[in-house]
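Each chain, letter by letter, is given below.
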Amino acid sequence: MRSGDGDGHDLTEETTYERVRAAQSMSRRDLMRFSATAGLGAAGFGTAALGTAFAAAPAAAAATGIVKPLPAELFIPQGTNAETRWEAMSGQGYVTPVDRFFVRNHVSTPLIDARTWRLKLWGTGLHGSPAEDRPVEFSYEDLLGLRAESLTAFIECTGNGRSFYTSQQGQQVSGTPWKLGGVGVAHWRGVRLATVLERAGLTRRAVDILPRGLDADYVDKGENLGRVRRPLPIAKALKDVLLAYEMNGAPLPPDHGFPVRLVVPSWVGIASVKWLGDIQVADEPLFSPWNTRYYRLFGPGYPPEGSAPLTRMNVKSAFELPWDATLPAGRRHVLHGRSWSGNGRVRRTDVSVDGGRTWHRTRLNDVHANPRGWVRWEFPWRPHAPGRYELLARATDETGASQPATAPHNTLGYLFGAVVRHPVTIA
Ligand code: MTE
């Protein structure tokens with residue numbers, strides 16, 4: 001993996017990092033000035049929000065290529081990524097605040113100037129088949145001028161929970177060893193992708209689109225795979241996908257895709273391409289490493305080319321507790337957690353405090369659960385005997401899908417949907 005910033009700067013080198021970031025903060029200030037005069041306020045972007053979105057990165061974030069601060073109480077560092085600590089969701093509202101929303105970056109966060117940015121659409125699935133070098137273009141302001149839509153949805157890394165293949169099932173997998181913090185829910189606001197595709201001249205022949213990010217080329221073990229891009233079937237693209245320019249009521253922060261990202265609800269996080277630069281629209285199926293060599297299931301039981309490309313995420317649950325939490329004995333605790341599913345609403349979550357022998361139904365706190373978000377739940381517990389415990393949570397969604405005791409193995413460690421055994425010490 002690279003740790004540069006796409007302009008040949010090595011951001012793992014602290015002094016280079018400081019110099020590059022100092023120069024970049026200039027363009028951020030310029031952007032804020034521009035934003036204040038260019039009518040972005042009309043779209044609900046206060047300058048205060050912009051100030052937050054573009055706060056300078058501390059030197060501590062240098063090695064990751066991530067711009068926002070990554071305090072140890074909110075994040076677990078994972079290379080170029082940052083995992084949300086679940087205890088940091090305790091006491092929060094429905095959505096994950098930006099300051100603790102996980103970041104999954106193949107390379108460093110690029111800083112993009114919204115004034116010169118254009119979304120380019122091209123390909124054989126558009127009228128007149130515009131070529132890549134003569135695309136249909138939309139500026140940031142063009143998008144802000146189109147009818148805005150809001151969506152509350154989770155984005156989840158397909159490898160979320162991957163470490164449990166090894167720690168719970170003794171299996172080898174490759175990839176970032178996430179616990180369960182590779183997921184977050186946000187309020188997203190933007191324009192429907194369908195609106196922009198139709199304005200660009202979508203034909204009935206279109207079958208696939210290929211959104212591509214503006215971050216630097218991704219190099220995997222010396223092989224340059226080009227920019228992050230993953231084909232999306234036209235049916236999903238037209239159904240509920242958003243070209244988001246706002247996250248939780250403020251402009252997208254740099255790490256989450258400024259100026260515009262896709263939000264592909266319920267699907268594998270890789271579909272939600274950040275820092276969107278162009279979209280190929282094709283009258284034939286499209287391929288990239290991200291729907292062929294990654295984001296399929298590989299291993300015994302799967303064909304050599306892997307399963308079909310992964311689409312929906314599965315059912316999961318997490319406790320809002322530190323990993324290996326310590327709680328006092330003989331007191332009443334209210335265990336809080338959240339469950340979510342790419343299949344739709346979570347209907348119930350059951351908890352076990354005795355390692356899975358007995359199960360108890362939790363109280364769901366979001367009665368009209370959002371099918372694209374998560375549901376919060378709680379369960380009172382009064383542990384008497386000091387010692388080590390394992391807390392288990394098992395959700396069931398509206399399709400009847402539930403969390404099994406073990407997850408079927410695949411070598412890249414995707415879609416760990418089994419019940420996670422959360423260690424707790426009662427002292
Ligand atoms: N888009 C680009 N351009 N580059 C990336 O590295 N990572 C993807 C997706 N979009 C990625 C991207 C993956 S794997 C995930 S899980 C989500 O972004 C994570 O979104 P977040 O960092 O806003 O949480």
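Conventions and cut-offs
Within each chain, residue numbers correspond to sequence positions counted from 1 in written order. With pLDDT at 70 or above as the cut-off, local features in this predicted model cover only qualifying residues; side-chain atom pairs require 80 or more to be listed or tallied, and sums for whole chains, interfaces and linings still use all residues. In computing side-chain properties, one takes all heavy atoms of the structure into account and sets aside hydrogens as well as water. UniProt positions are given in the numbering used here, feature names are shortened, and annotations may be inferred rather than shown by experiment. For this analysis, a ring pair means two rings from Phe, Tyr or Trp (six-membered ring only for Trp) whose centres lie within 6.5 Å, classed as stacked if their planes differ by under 30 degrees, edge-to-face if by over 60, and tilted for the remaining angles. Secondary structure follows DSSP: runs of H or I at least 4 residues long count as helices, runs of E at least 2 residues long count as strands, and numbering of each begins at the N terminus. Throughout this description, buried means an accessible area under 20% of the type-specific maximum (1.4 Å probe, protein chains only), exposed means over 50%, and partly exposed covers the range between. Whether a charge sits over a ring depends on NZ of Lys or CZ of Arg being within 6 Å of the ring centre and within 35 degrees of the ring normal. Joining through side-chain atoms within 4.5 Å is the link that ties buried Ala, Val, Leu, Ile, Met, Phe, Trp, Tyr and Cys residues into a set, and such a set is a nonpolar core. Any two residues having at least one pair of non-hydrogen atoms within 4.5 Å are treated as being in contact.

An unreviewed UniProt entry lists the chain under the name Sulfite oxidase, with Actinomadura rubrisoli given as the organism. The UniProt entry for the chain carries the following text under Cofactor (unreviewed entry): "Mo-molybdopterin".

Peer 1: What is the right way to read the packing of aromatic side chains from this model?
Peer 2: Geometrically, a pair of aromatic rings is defined through the distance of the ring centres and the angle of the planes. Under the counting rule described, the total for this entry stands at 16 aromatic pairs. Here Tyr 165 and Phe 416 contribute two aromatic rings whose centre-to-centre distance is 4.9 Å and whose plane-to-plane angle is 90°, an arrangement assigned as edge-to-face. Of this pair, Tyr 165 sits in helix H4 (residues 163-167) while Phe 416 sits in the loop between strand E22 (387-397) and strand E23 (422-426); the two residues are 251 residues apart in sequence, bridging distant segments of the chain. Residue Phe 416 is classed as buried on the basis of its relative accessible area, which comes to 1%. On the basis of an interplanar angle of 20° and a centroid distance of 5.1 Å, the ring pair of Tyr 295 and Tyr 414 is categorised as stacked. Here Tyr 295, found in the loop between helix H7 (289-292) and strand E15 (316-319), pairs with Tyr 414, found in the loop between E22 and E23; they are 119 residues apart in sequence, far enough to count as distant. With respect to burial, Tyr 295 and Tyr 414 carry one shared label: buried. Taken together, the ring pairs in this structure connect Phe 101, Phe 102, Trp 178 and Trp 188 into an aromatic cluster. Here the guanidinium or amino end of Arg 394 rests over the ring plane of Trp 359, the centre of that ring lying 4.0 Å away.

Peer 1: I tried to follow the nonpolar core on my own but got confused; where do I start?
Peer 2: Among the nonpolar cores identified, the biggest contains 50 residues, and Leu 121 and Trp 188 are the most heavily contacted of them. Of the residues forming this core, the biggest block, five residues, is contributed by strand E11 (residues 242-247). Once you skip the residues sitting within four places of it in the chain, Leu 121 turns out to touch Leu 126, Pro 130, Pro 135, Val 136, Phe 138, Val 196, Leu 197, Ala 200, Ile 279 and Val 281. By size, the runner-up hydrophobic cluster in this structure holds 34 residues, among which are Met 89, Phe 164, Phe 298 and Val 420.

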